[in-house]
Amino acid sequence: MSLRRARAGAPPPLPGNPAPSGRVGARFAGRFTRRGGAGEPAGLDPLVPAGLEAETPSGRAEAALADGSGGSREAGTSAGPGAGPQVRSAGRVRGVLLPAAALALVLTAGALAFGRADEAPPTTRTAAPAADAPFDRIGTGDLAHGVTGLQAHLRAQPKDARGWATLATAYVEQARTGGDPTRYPQAEKALARSLALQPQDNDSALAGRAALAAARHDFRGALRDAEAALKVNPFSERALASRIDALVELGSYPKALAAAKEADGRRPGIPVFTRYAYVLELRGDIAGARRVLGLALDSAVSPGDTAYVATALGQLEWTQGAYAPALRRFATALAADPAYLPALEGRARVQAAQGDTKSAERGLEDVVERLPLPGQLVALGEVYEARGRTAEARAQYELIGTWTELARANGVDTDLDTALALADHGDRPEALRAARAEWKQRQTVHTADALAWALQVNGRSAEALSYIGKSAPPGCRNAVFLYHRGMIERAAGRIAAARTSLTAALKVNPGFSPNGSRAARAALKALEAS
């Protein structure tokens, strides 16, 4: 796929941004151009797709997500503390939460009778939605069918508070997996309807609000809503997961570890396991992260679960430069779900690291066409650069501004994404502004790294030194962090330290990025020659 000029009739770019070029660029603009004027988010009606007319439910898409329990407790919730299996016995977690395969089966099932006692029974009922359905681990097609089914269900039963909360969470997942932030206003309005219908003890809506806040990078709001949901239902899987996410993103790593352990005791399952592993990875415990993810993979009972966890394992191996094991994990994921974008992206990154830039280019083009987020756009741009296609690379970097403007218009805090992308591939003063703004909001290893690097590329290496201890502490196993540290140390005249950091970065993952790895080797060579 080549980046040709945008075809005639493609929607115009957002104001102030260059016209996206080629098939990737044109489809990007076509999917995400706002309707109704600048600054007015599309899709305010949660039953109408963003920027489109209402979907017409038909066939198997008529069916919605089924609760199956008939009661107020979330599907698969344990009877009480200690009732469920834990990480140490992950092989026994089968059935703890509604697996993706069961969800897909529900989506193709016939309509079920469901309604409140005080409502007149309609001729036909759609199925009741599962309030804690694992949307993050089902295929894109199943997710789309689930959304259509939920919309049909809520047209028939507009007073179903749990249904509105579930639809909101599905919209959040669609935004995350498709890179389309116009879904967030729809999710927000669906949650508002749920809470209006059930203002008290609505843990599903509170947990959904936590997920939405986290997706918009409002991590303090996510933590507040997750805690509120857990006061109503201490076993809410979504609230437990959102609490871990929020604590990690706020830099409260000891609290995040404690929250992961608590979640494992209350609601063990794949969402908790993968987050537990990530907390361990951030602490430098790679072996522990591998162990927990291995247990999670053993507990996978559906193709969606397998793809989700195998990809997490592949990503972990990739970050540690273990390319052959990473490719095996990504192959396992893609055997379970051939269209799973995180696995396709992971495989492409490994291929680029191994020098197979042609395969990497093809894979990343497929990813970016469906998931045009800043990280993916940068990855494809750097592969284009490695192949000598500088104009195409530049076009990818220019699209970052389009996505950023649209994301901000839909309530997403994009400062960290902006800082990381622009520091290497755009407006460096803007990268520094964004990094400073993000650092004021939350002080994590990632924001420290972004701020240190933004200072460095703006020629302020002395100031950058004060942040590298926070971004790459002793025992750090992140090649990007170590690379940034080494380059900052070199610019500040700390030659021995720079040599140690750059050597460590290339030892952890010698192909961590096409541009960064090349720059690290060149800098190390220059240091050794001096």
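Residues numbered from 1 in each chain as written. Predicted model: local features only at pLDDT ≥ 70, side-chain atom pairs only at ≥ 80, totals over all residues. Heavy atoms only, no water.

A. Region of the structure containing the environment of Leu 465. With respect to the helices, strands and loops of the structure, Leu 465 is situated in helix α21 (residues 461-471). Sequence separation between Leu 465 and Trp 453 is 12 residues, and the spatial gap between their C-alpha atoms is 9.7 Å. In this view, Leu 465 contacts Ile 488, Glu 489, Ala 492 and Arg 494; residues no more than four positions away in its chain are not counted. (Helix = DSSP H or I, 4+ residues; strand = E, 2+ residues; numbered from the N terminus. Contact = heavy atoms within 4.5 Å.)

B. Just the confidence of the model for the chain, in detail. Confidence in the prediction for the chain averages 79 pLDDT; 74% of positions are at 70 or higher. Between residues 51-130, whose pLDDT stays under 50, and residues either more than four places distant or in other chains, the model counts 171 contacts. (pLDDT = per-residue confidence, 0-100.)

C. Examining the packing of aromatic side chains more closely. Scanning all chains against the criterion turns up four aromatic pairs. Their ring planes at 90 degrees and their centres at 5.3 Å tell us that Trp 439 and Tyr 467 sit as a pair that is edge-to-face. Of this pair, Trp 439 sits in helix α19 (residues 428-441) while Tyr 467 is found in helix α21, placing the two residues 28 residues apart along the sequence. Each member of the pair, Trp 439 as well as Tyr 467, carries the same accessibility label: buried. Taken together, Trp 453, Tyr 483 and Phe 512 form an aromatic cluster joined through their ring pairs. (Phe/Tyr/Trp six-rings, centres within 6.5 Å; stacked < 30°, edge-to-face > 60°. Buried < 20%, exposed > 50% of the residue type's maximum accessible area, 1.4 Å probe, protein only.)

D. The arrangement of the side chain of Ser 517 in detail. Tracing the sequence through the fold places Ser 517 in helix α24 (residues 514-529). A relative accessible area of 3% places Ser 517 in the buried class. A distance of 3.2 Å separates a polar atom in the side chain of Ser 517 from the backbone oxygen of Pro 510. A distance of 2.8 Å separates the side chain of Ser 517 from the backbone oxygen of Ser 513, its partner in a polar contact. (Polar contact = N/O pair within 3.5 Å; in protein donor to acceptor, adjacent residues only side chain to side chain.)

E. Representation of unusual backbone geometry in the model. A positive phi is found at Asp 201, a non-glycine position, where the angle reads about 55 degrees. Notably, His 217 is not glycine yet its phi reads approximately 70 degrees, a positive angle. Relative to the helices and strands, His 217 resides in the loop between α6 (203-215) and α7 (219-232). In this structure His 217 comes out as partly exposed when scored by relative accessible area, which is 22%.

F. Focus on the pattern of salt bridges. In the structure shown here, the tally under the stated rule is 21 salt bridges. Here Glu 317 makes a salt bridge to Arg 290, at a shortest N to O gap of 3.0 Å. Taken together, the residues Glu 317 in helix α12 (residues 303-319) and Arg 290 in helix α11 (residues 286-299) connect sequence positions 27 residues apart. Taking relative accessible area as the criterion, Glu 317 reaches 8% and is therefore assigned buried. Its salt-bridge partner being Glu 463, residue Arg 436 comes within 3.0 Å of it at the nearest N-O pair. With Arg 436 in helix α19 and Glu 463 in helix α21, this pair connects stretches of sequence that are 27 residues apart. Here the residues in one salt-bridge network are Glu 227, Arg 243, Glu 262 and Arg 266, joined through shared partners. (Salt bridge = Lys/Arg side-chain N within 4 Å of Asp/Glu carboxyl O.)

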